[in-house]
Amino acid sequence: MTSRTHRHEARGRPAGAATAAICVSILLTITIGLLGPSPMVPGLGGPAWLPPFSLGVDPEPHLVIALAAAAIILGGLGLLAALLALRAPLGLRRLPDPRRLVLLGCLAAGILAFLPPSGSGDHLNYAAYGRMVTLGLNPYTHGAVHLPGDPIADAVEEPWREEPSVYGPVATAVQALASWIGGDSLKLTMFVLALVNAAAFIATALLIDRFTRDDPTRRLRAALLWTANPLLLYQLVAGMHVDTLAIACMVAALLARSRPVGAGALLGLGVAVKVNAGLVALGPAWELRRRPARLALMAGCAVVVVVVGYAIVGPEAIGPMTRTSKAISHASPWKLVQGWLQSLVGTGSAYRGEIQIGSLLLLALTAWALLRLAARRGLLGGGHGDAGHGSGGLAARGMAVRGLVAGWRRPLWRSGWWWPTCSPRRTSCPGTTGWRSGCWRWSRPPPWTRSWSCTCWSCRWRTCLPGWRGCRPISAGSARWSGLSSPGCCWL
C-alpha cells in the first residue's frame with residue numbers, strides 16, 4: 001500500500017467517524033423510547049398492542065440518563081465533525097450521499113413516531129388541550145386541573161396542570177383531531193399527534209432537499225443540518241413539539257414567496273400554530289420592500305388567515321399569550337435582572353412588566369444594530385436579484401435575536417432557526433454551529449434535576465454562546481437555491 005493511499009485513508013477517517021457518531025446518536029434516541037417509561041419517557045398507560053409501542057422493561061434511571069447524555073454529546077460532536085469534513089477538500093466524496101442521509105433521517109422520524117415521546121412532557125399538555133375541546137371546554141381558559149379524574153388530563157405533569165393553552169388555533173385544531181380519534185386512550189391520542197409531528201418533519205426535509213438537489217454540496221449540508229441532524233431528531237421528533245408544525249409552515253412559506261397569496265396563507269398558518277413564527281415574515285417583507293402591492297397582498301393573506309383562526313377560537317386565546325410574554329425562565333439572563341431589582345428595590349413585585357419593556361427595547365436595539373451591520377457589509381441585497389438572500393438572512397436574524405433577548409426561553413425555540421442554515425454552500429464557522437447545537441439541547445435543566453446549580457450552569461452556556469458570536473458573514477453569492485433565491489441564513 002502506497003503512502004498516497006495511507007494519506008487518503010487518514011483524510012477520510014474524520015468523515016467516517018462523524019457519520020458513525022451521528023448514526024449511534026440516532027440509535028440511542030430510538031433506544032430511549034423503545035425501553036419504555038422512565039425518567040426520560042412519561043408513561044402513557046393503555047394496552048401494549050396499541051401504538052406507540054415500547055418494551056416496557058422499566059429501565060434503571062441512571063441508564064436512560066446516560067443514554068440521553070451520550071446521544072446529545074455524540075450527536076453534537078458528529079455534526080461538528082461532519083461540517084468540518086464538508087469544508088475540507090474532497091469532503092463531499094468522503095461523506096455519505098445526501099440521499100442516504102435524507103433516507104436515514106426520514107426513516108428515523110418514522111420509527112420515532114411509533115415509540116413513546118421522550119425528553120419532554122409537553123405532549124401531555126397537547127393531549128389535554130385537545131381533550132378539552134372534544135369535551136366542550138375552552139383550552140384557553142381552562143387547564144388540566146379542571147378535568148379531575150379524566151384519563152387524559154390526569155397525565156399532565158406539574159407545574160403545567162393549571163396552565164391554559166398558549167398555542168394558536170391551528171395547533172389546537174390538530175390536538176382536538178387527535179383527541180377525537182383517540183377518545184379516552186392517551187396512547188392512541190399521542191400516536192396521532194406523533195404521526196402529524198413526524199409528517200411535518202419529513203415534509204420539511206423533503207422540501208429542503210427538493211430545492212437544494214441541483215447543488216450536491218448544499219444538498220449534503222441541508223441533510224446534515226436538518227433531516228439527519230440527531231439533535232433535531234431528539235428534540236423535535238422524539239420530544240414531539242408543536243414547533244415542528246410551525247417550522248414546516250415557515251419553510252413552505254419562504255420557498256413559495258414568489259406566489260404572494262400562497263406564501264401569505266402559509267405564513268398565517270405558521271402564526272396560527274405558534275405566534276413567534278411571525279418573525280419569519282420579516283424576510284419576505286424585506287424582499288418585497290420595493291414592491292408594495294405584492295407585499296400588501298402577502299401580508300393581507302397572512303392577516304386574514306390569522307384573524308379567521310383566532311375569530312373561531314375566540315378572544316380568550318390572546319390572554320394566555322400575553323401572560324406568557326411576561327414570564328421569565330431560569331435560563332434567561334433576565335432572571336438575574338429580576339433578582340437584582342428585588343434585592344435593590346424590594347421583593348413585593350416580580351417586575352415582569354418592566355422586564356418585558358426592557359426586553360422589547362433590547363430586541364429593537366439589537367435588531368437595528370444587526371441590520372445596520374448587515375447593510376454596511378452588503379448582506380441585505382441591493383436589488384431584486386439578490387433580495388432573496390436578505391430575505392432569509394433577515395428572517396433568521398429576527399428569530400435569533402428574539403431567542404437571545406426574550407424573557408421566557410426554551411431550548412426547542414432554537415430549532416426555528418436551524419433550517420435557514422441549511423442553504424449556504426458552507427458555514428463560516430462550523431465549530432460554533434456544532435458546539436452551539438449541543439449546548440442548545442442542554443440549555444434547559446434536564447428532567448431528572450431542577451437544581452439551582454444546574455440552572456446557573458445552563459444560563460452561563462446560553463449567555464456565553466449566543467448564536468452569532470464569533471462568526472463572520474459568508475458571501476451573498478454562495479447562498480442561492482436552484483432557480484430561487486436562498487431563504488438561508490447568511491450569519492451562523
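Residues numbered from 1 in each chain as written. Predicted model: local features only at pLDDT ≥ 70, side-chain atom pairs only at ≥ 80, totals over all residues. Heavy atoms only, no water.

**Student:** Before we go on, may I ask you to explain the overall build of the chain in this structure?
**Tutor:** Check the secondary structure of the chain and you find 19 helices and 0 strands. The proportion of buried residues among the 492 residues of the chain is 53%. Put simply, 76% of the contacts in the chain that link residues at least 6 apart link residues at least 24 apart. Of the roughly 20,600 Å² of accessible surface on the chain, a fraction of 66% belongs to carbon and sulfur atoms. (Helix = DSSP H or I, 4+ residues; strand = E, 2+ residues; numbered from the N terminus. Buried < 20%, exposed > 50% of the residue type's maximum accessible area, 1.4 Å probe, protein only. Contact = heavy atoms within 4.5 Å. Areas by Shrake-Rupley, 256 points an atom, 1.4 Å probe, with all protein chains shown as cover.)

**Student:** I keep staring at the packing of aromatic side chains and nothing clicks. Help me out?
**Tutor:** Pairs of aromatic rings are described using the distance from one ring centre to the other and the angle between the two planes. Under the definition given, this model contains 4 aromatic pairs. The ring centre of Phe-211 lies 5.2 Å from the NZ or CZ of Arg-210, which sits over that ring. (Phe/Tyr/Trp six-rings, centres within 6.5 Å; stacked < 30°, edge-to-face > 60°. Lys NZ or Arg CZ within 6 Å of the ring centre and 35° of its normal.)

**Student:** Please explain helix H11 (residues 260-273) as it appears in this structure.
**Tutor:** Residues that lie three or four places apart on an α-helix share one face, since the helix turns once every 3.6 residues. In this model, H11 (14 residues) spans 20 Å end to end at C-alpha, consistent with the 20 Å of a helix rising 1.5 Å per residue. Turning to H11, the residues buried within the fold contact helix H6 (169-182), helix H10 (243-255), helix H12 (282-287) and helix H13 (292-313). (Expected span 1.5 Å × (residues − 1).)

**Student:** Whenever I open this one, the pattern of salt bridges confuses me. Can you help?
**Tutor:** Pairing is possible between side chains of opposite charge, provided their charged atoms come close. Enumeration according to the criterion identifies 8 salt bridges in this entry. Linking Asp-154 and Arg-161 is a salt bridge whose minimum nitrogen-to-oxygen distance equals 3.9 Å. A residue is classified by how much of its surface remains accessible, and Arg-161, at 16% relative accessible area, is buried. The salt bridge partner of Asp-209 is Arg-219, with a shortest N-O separation of 2.7 Å. Here Arg-219 lies in helix H8 (residues 216-227) and Asp-209 lies in helix H7 (residues 186-210), a separation of 10 residues in the sequence. Note on Asp-209: relative accessible area 12%, which makes it buried. The structure contains a network of salt bridges with shared partners spanning Arg-131, Asp-150 and Asp-184. (Salt bridge = Lys/Arg side-chain N within 4 Å of Asp/Glu carboxyl O.)

**Student:** Can you help me understand a nonpolar patch on the surface in this one?
**Tutor:** A contiguous nonpolar patch, built from Leu-336, Trp-340, Leu-344 and Val-345 and spanning about 480 Å² of accessible area, is present on the exposed surface. Among the structural elements, Leu-336 can be located in helix H15 (residues 334-344). (Patch = residues over 30% accessible without salt bridge, like charges linked within 9 Å, V, L, I, M, F, W, Y side chains within 5 Å.)

**Student:** Please clarify how the environment of Ala-113 should be interpreted in this entry.
**Tutor:** With respect to the element layout, Ala-113 can be found in helix H4 (residues 98-113). A sequence separation of 79 residues divides Ala-113 from Val-192, and the C-alpha atoms of the two residues are 8.9 Å apart. What Ala-113 contacts, discounting residues up to four positions off in sequence, is Phe-191, Ala-194, Leu-195 and Ala-198.

**Student:** Sorry if this is basic, but what is going on with the packing of helix H5 (residues 122-134) against H6 here?
**Tutor:** Between two packed helices, both the angle of their axes relative to each other and the distance between the axes serve to describe the pair. The interhelical angle for the contact between H5 and H6, taken along N-to-C directions, is 75 degrees, at an axis separation of 7 Å. As the angle between them shows, H5 and H6 are arranged roughly perpendicular. Where H5 abuts H6, its residues Tyr-126, Tyr-129, Gly-130, Arg-131, Val-133 and Thr-134 lie against Thr-172, Gln-175, Ala-176, Ser-179 and Trp-180. By residue class, the composition of the contact of H5 with H6 is 5 nonpolar, 5 polar and 1 charged. (Axes fitted to C-alpha atoms, helices over the stretch in contact; angles between N-to-C directions. Parallel < 35°, antiparallel > 145°, perpendicular 65-115°, else oblique. Nonpolar A, V, L, I, M, F, W, Y, C, P; charged D, E, K, R; others polar.)

**Student:** Looking at this structure, how should I read unusual backbone geometry?
**Tutor:** Comment: phi is negative for the bulk of residues other than glycine, and the bulk of peptide bonds are trans. For the bond from Pro-51 to Pro-52, the omega torsion is 0 degrees, close enough to zero to count as cis. Geometrically, the link from Glu-158 to Pro-159 is a cis peptide bond, its omega value of 5 degrees lying close to zero. Note on placement: Pro-159 falls in the loop between H5 and H6. A positive phi angle, near 50 degrees, is found at Met-240, a position not held by glycine. Relative to the helices and strands, Met-240 is located in the loop between helix H9 (230-238) and H10.

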